[in-house]
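# Secondary and tertiary structure notes
Single-letter residue listing:
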Amino acid sequence: MKKSKNKIICYSLILITAIIMCIPLFKNGIHTGDDGDFHISRALGTLEQIRNGNSPLVISRFSKNLFYPPISTYSIVLFTFLTNNVVIGMKIFLIFTFILSGISMFKLVNTLTENDKISLISSILYLIAPYRMINVYNRVAVGEILGFVFIPIVLRGIYLIFKGKTEKSYLYVLGTIGLILSHNISTLITNFNIFYYNNNFICFIF
């Protein structure tokens, strides 16, 4: 019972931290930065294709969806469809990435350490990392931002496989699929880091 209560407190603090880091998103408008215009255009073009009954994979206006991982676009499209506002849709997407990445990091470190306090601290540091802030509020690189959700899931899956818990291998599979469909470069960097950590693991990754 105490363990369950501690987890609830930790998740609540993660949620509060995520909301605090998202305060700039509650203002009117959005700073599009280096990549924001591109991603908003992709979302609008995809939504237009869907409403016209056409394939969302290739769009006729704004920008092309080919060769860019689709999860971030489709997520923004979903929230845009629900709110009828692409800016609000992108903001909701960004808020969810904060919350989900905080939880995924907590679960990774908790699996490694079985210590709620260390896991909470790690999660909070992950949420307030300067590089994340640059991605969200300067670059608006939504694919890379979404990758922050899946990287801890990939690493957690790998750790559990090494520990012989093969029934948890689905975490590695789902995390890797999510990462590939979020951001190509983040996928490569994650794989290279694993290769550097254990060069015998390269065959398993690729």
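Residues numbered from 1 in each chain as written. Predicted model: local features only at pLDDT ≥ 70, side-chain atom pairs only at ≥ 80, totals over all residues. Heavy atoms only, no water.

A grouping of Ile-9, Leu-13, Leu-15, Ile-16, Ile-19, Ile-20, Ile-23 and Phe-26 is seen on the molecular surface, where their side chains present a nonpolar patch of about 700 Å² in accessible area. Inspection of the secondary structure puts Ile-16 in helix α1 (residues 2–21). (Patch = residues over 30% accessible without salt bridge, like charges linked within 9 Å, V, L, I, M, F, W, Y side chains within 5 Å. Areas by Shrake-Rupley, 256 points an atom, 1.4 Å probe, with all protein chains shown as cover. Salt bridge = Lys/Arg side-chain N within 4 Å of Asp/Glu carboxyl O. Helix = DSSP H or I, 4+ residues; strand = E, 2+ residues; numbered from the N terminus.)

Here we come to helix α3 (residues 71–83). Each full turn of the α-helix corresponds to 3.6 residues, which orients residues three or four apart in the same direction. Compared with an ideal rise of 1.5 Å per residue, which puts 13 residues at 18 Å, α3 spans 18 Å between its outermost C-alpha atoms and is within 8% of the ideal. Considered for burial, the residues of α3 that qualify are Ser-72, Thr-73, Ser-75, Ile-76, Val-77, Phe-79 and Thr-80. Positive phi appears at Asn-84, one or two residues downstream of α3, with a value of about 60°. (Expected span 1.5 Å × (residues − 1). Buried < 20%, exposed > 50% of the residue type's maximum accessible area, 1.4 Å probe, protein only.)

On to the pattern of salt bridges. In total, this model carries 3 salt bridges according to the counting rule given. Asp-35 serves as the salt-bridge partner of Arg-139, at 3.5 Å between the closest nitrogen and oxygen. Placement of Arg-139 in helix α6 (residues 130–139) and of Asp-35 in the loop between α1 and α2 (36–51) is noted, with a sequence separation of 104 residues between them. Of the charged contacts, one joins Arg-139 and Glu-144 as a salt bridge, the two residues approaching to 2.9 Å between their closest N and O atoms. Accessibility expressed as a relative area gives 10% for Glu-144, which makes it buried. The structure contains a network of salt bridges with shared partners spanning Asp-35, Arg-139 and Glu-144.

Looking now at helix α4 (residues 86–113). A rise of 1.5 Å per residue sets the reference length of α4, with its 28 residues, at 40 Å; its end C-alpha atoms lie 40 Å apart and thus fit the reference within 8%. The backbone nitrogen of Val-87 lies 2.9 Å from a side-chain oxygen of the residue at the head of α4, namely Asn-85. Count one or two residues on from α4 and you reach Glu-114, which has phi positive near 55°. (Polar contact = N/O pair within 3.5 Å; in protein donor to acceptor, adjacent residues only side chain to side chain.)

Once that is clear, we can look at the packing of aromatic side chains. Evaluation of the coordinates by the stated rule reveals 4 aromatic pairs. When the centroid spacing of 6.4 Å and the interplanar angle of 85° are considered together, the rings of Tyr-131 and Phe-148 count as edge-to-face. Here Tyr-131 is found in helix α6, whereas its partner Phe-148 is found in helix α7 (residues 142–162), with 17 residues between them in sequence. When its relative accessible area of 42% is taken as the criterion, Tyr-131 is described as partly exposed. Over the ring of Phe-98 we find Arg-132; its NZ or CZ atom is 5.2 Å from the centre of that ring. One cation-aromatic arrangement involves Arg-132 over Tyr-126; the distance from NZ or CZ to the ring centre is 5.0 Å. (Phe/Tyr/Trp six-rings, centres within 6.5 Å; stacked < 30°, edge-to-face > 60°. Lys NZ or Arg CZ within 6 Å of the ring centre and 35° of its normal.)

Attention now goes to the environment of Ile-118. Structurally, the position occupied by Ile-118 is in helix α5 (residues 116–127). With relative accessibility at 40%, the residue Ile-118 sits in the partly exposed group. Residues Ile-118 and Phe-106 lie 12 residues apart in sequence; the distance between their C-alpha atoms is 8.7 Å. Setting aside residues no more than four positions away along its own chain, Ile-118 makes contact with Val-109 and Thr-113. (Contact = heavy atoms within 4.5 Å.)

These values are about where atoms sit, not about what they do.
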